[in-house]
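Residues per chain are reported as follows:
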Amino acid sequence: VVFNIREVLNVAIIRPFKAYRPIKEHVKDIAALPYDVMSSKEARGMVKNNKYSFLHVDRAEVNLNESVGEYDKVVYDTAKKVLENMIEEGLYIQEKAPAIYIYQQIMDGRGQKGIVCCTSVDDYINNIIKKHERTRLLKEIDRVNHVDICNANTGPIFLTYRNNNEISSIVEEWTKKEPVYDFISDDGNGHTVWVISNKEKIDKLNFLKVKNFCASRTAINRVKGNPGNGENICKLCIQQRFNIQNP
């Protein structure tokens, strides 16, 4: 009898990755709201006095004339060019070795921690990662084009997982260390990031049960167009995972 042990145990794989992340001096300037919580007009206002904002990549129409439609191909080409320029200018550094990250956000006095890692699109397709919502086709095509042309995972996917004492222990232990980022954004929310680079800790985080609280269909559609071989980067997408019981 041949079976997939992950499917039998209903656990999803996670993987570390070598992130490109902002230099400390400009992390607050680069940090931006998610692309889909604002109109194009609002995005233009947000970047008016901030040339470093990630919205120059995530909503790249802000760099172009208002007559250009937000789904025009030139928008995605511009996003790719802006991202590459930012990397070349040294605004982003790449991790030297694969890592898993801990991200904490504090809003209205309420804090929540999660891990940032790669997960398998196959686990979503095979229902190991549970689906939560449907998304509009136009929005799916938009993000597929953005990810595909930029050749970068420009937006994480939100997941939750059930309480796991071992994971909580690693997170609590690691967050006693010095963070790589710790700042308050213009909206008053606090943002703190730690880098887990210890291989032993990463290996311990290798399996956990998850329930997906947001759509990862964009990543699936991209994989269908770029199937690759085996467990390659095309089959992995960046996720933010939060403990379902985390206060």
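What you are looking at is a predicted structure, and each value in this text was computed from that prediction instead of being measured. (Residues numbered from 1 in each chain as written. Predicted model: local features only at pLDDT ≥ 70, side-chain atom pairs only at ≥ 80, totals over all residues. Heavy atoms only, no water.)

*Asks:* What should I look at first to understand unusual backbone geometry in this one?
*Replies:* Most peptide bonds take the trans configuration, and most residues that are not glycine carry a negative phi. In this structure, Asp108 takes a positive phi of about 55° despite not being glycine. Along the polypeptide, Asp108 turns up in the loop between β4 (100-107) and β5 (110-120). What makes Asp108 exposed here is its relative accessible area of 75%. Residues other than glycine seldom take positive phi values, yet Asn151 does so here, at roughly 55°. Structurally, the position occupied by Asn151 is in the loop between α7 (137-150) and β6 (157-161). Since its relative accessible area comes to 56%, Asn151 is described here as exposed. (Helix = DSSP H or I, 4+ residues; strand = E, 2+ residues; numbered from the N terminus. Buried < 20%, exposed > 50% of the residue type's maximum accessible area, 1.4 Å probe, protein only.)

*Asks:* Would you mind showing me how to read the packing of aromatic side chains here?
*Replies:* Two descriptors summarise a pair of aromatic rings, namely the distance from one centre to the other and the angle between the planes of the rings. All chains considered together, the criterion is met by one aromatic pair. Against the face of Tyr35 rests Arg143, its NZ or CZ located 3.7 Å from the ring centre. Over the ring of Trp174 we find Lys177, and its NZ or CZ is 4.7 Å from the ring centre. (Phe/Tyr/Trp six-rings, centres within 6.5 Å; stacked < 30°, edge-to-face > 60°. Lys NZ or Arg CZ within 6 Å of the ring centre and 35° of its normal.)

*Asks:* Would you mind going over the environment of Ala152 with me for this structure?
*Replies:* Checked against the element boundaries, Ala152 lands in the loop between α7 and β6. Judged by its relative accessible area of 22%, Ala152 is partly exposed. Separated by 132 residues in sequence, Ala152 and Tyr20 have C-alpha atoms that sit 9.8 Å apart. Discounting residues that sit within four places of it in the chain, Ala152 has contacts with Leu83 and Val147. (Contact = heavy atoms within 4.5 Å.)

*Asks:* Before we go on, may I ask you to explain the side chain of Thr154 in this structure?
*Replies:* Turning to its location among the elements, Thr154 is positioned in the loop between α7 and β6. Its relative accessible area of 12% is what places Thr154 among the buried residues. Side chain to side chain, Thr154 and His146 meet in a polar contact 3.1 Å long. Excluding anything up to four places from it in sequence, Thr154 contacts Phe54, Val57, Asp58, His146 and Val147. (Polar contact = N/O pair within 3.5 Å; in protein donor to acceptor, adjacent residues only side chain to side chain.)

*Asks:* How should the environment of Phe183 be read in this particular structure?
*Replies:* By the secondary structure assignment, Phe183 is in strand β7 (residues 181-184). On the basis of relative accessibility, which here comes to 13%, the residue Phe183 falls in the buried class. Expressed as a C-alpha distance, the spacing of Phe183 and Gln105, which sit 78 residues apart in the sequence, is 10.0 Å. Setting aside anything within four residues of it in sequence, one finds Phe183 in contact with Val27, Lys28, Ala31, Asn189, Gly190 and His191.

*Asks:* Could you clarify how one ought to interpret the side chain of Ser40 in this entry?
*Replies:* Structurally, Ser40 can be placed in helix α3 (residues 40-47). With a relative accessible area of 18%, Ser40 lands in the buried category. Those residues in contact with Ser40, other than ones at most four positions away along the chain, are Arg59 and Glu61.

*Asks:* Got a minute to help me understand the nonpolar core in this structure?
*Replies:* A general feature of soluble globular proteins is that nonpolar side chains tend to end up buried together. If you look at the biggest cluster of nonpolar residues, it comprises 14 residues, and the most contacted ones within it are Ile14, Ile100, Ile102, Ile115, Ile196 and Leu205. The residues touching Ile100, leaving out its near neighbours within four places in the chain, are Ile14, Pro16, Ile115, Val116, Cys117, Trp194, Val195, Ile196, Ile202 and Leu205. Membership of the second largest hydrophobic core comes to 13 residues, among which are Val57, Ala60, Met86 and Tyr92. (Core = buried A, V, L, I, M, F, W, Y, C linked by side-chain atoms within 4.5 Å.)

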